[in-house]
Amino acid sequence: CAEKEIKVDLKSEKNKHRITNIINYIDDHYQEELTIDTLSQVFKLSEGHLSKLFKDNLGMTIKSYISQTRAQRVKEELISSDLPLIDIAISCGFPNVKSMNKVFKELYQCTPNQYRHKIK
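Small disclaimer: the values here were computed from a predicted structure and weren't measured.

Engineer: Can you help me understand the environment of N96 in this one?
Structural biologist: Relative to the helices and strands, N96 is located in the loop between α5 (85-91) and α6 (97-108). The class for N96 is partly exposed, based on a relative accessible area of 33%. Among all residues touching N96, those that are not within four sequence positions of it are I86 and A89. Among the polar contacts listed, one links the side chain of N96 to the backbone nitrogen of K98, at a separation of 3.2 Å.

Below you can see the structure in the form of structure tokens.
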């Protein structure tokens, strides 16, 4: 289970405030159904502009950032609780265990269950 560093490195000062607001919003609402459509409405930007702003400044898509944020929360839950995986998946914004496993494995090279066994 390798660790991948998730960091925000803004390339443009001009967009820093706007991007920071979007990131904070995602971090506060990761448990909800978040889509580019939802975010573009909240921040009154077109989906295309929002996607480009995010990709240009963070080097990743909004979807990737949301997935990473959720996977990070899953990791925290696995460390701090003994909740069933389905409960962790739902509480961290994933629709089901399968989608949680897929994202988690892409980021950490192991499933949440394998990670849990490794840390216990």
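Engineer: What is the right way to look at the environment of F104 in this model?
Structural biologist: Looking at the secondary structure, you find F104 in helix α6. Taking relative accessible area as the criterion, F104 reaches 1% and is therefore assigned buried. Along the backbone, F104 and Q72 are 32 residues apart, and their C-alpha atoms lie at a distance of 8.5 Å. Among residues more than four places away in sequence, those in contact with F104 are A71, V74, K75, L78, Q109, C110, T111, P112 and Y115.

How each quantity is defined
- Residues numbered from 1 in each chain as written.
- Predicted model: local features only at pLDDT ≥ 70, side-chain atom pairs only at ≥ 80, totals over all residues.
- Heavy atoms only, no water.
- Helix = DSSP H or I, 4+ residues; strand = E, 2+ residues; numbered from the N terminus.
- Buried < 20%, exposed > 50% of the residue type's maximum accessible area, 1.4 Å probe, protein only.
- Contact = heavy atoms within 4.5 Å.
- Polar contact = N/O pair within 3.5 Å; in protein donor to acceptor, adjacent residues only side chain to side chain.

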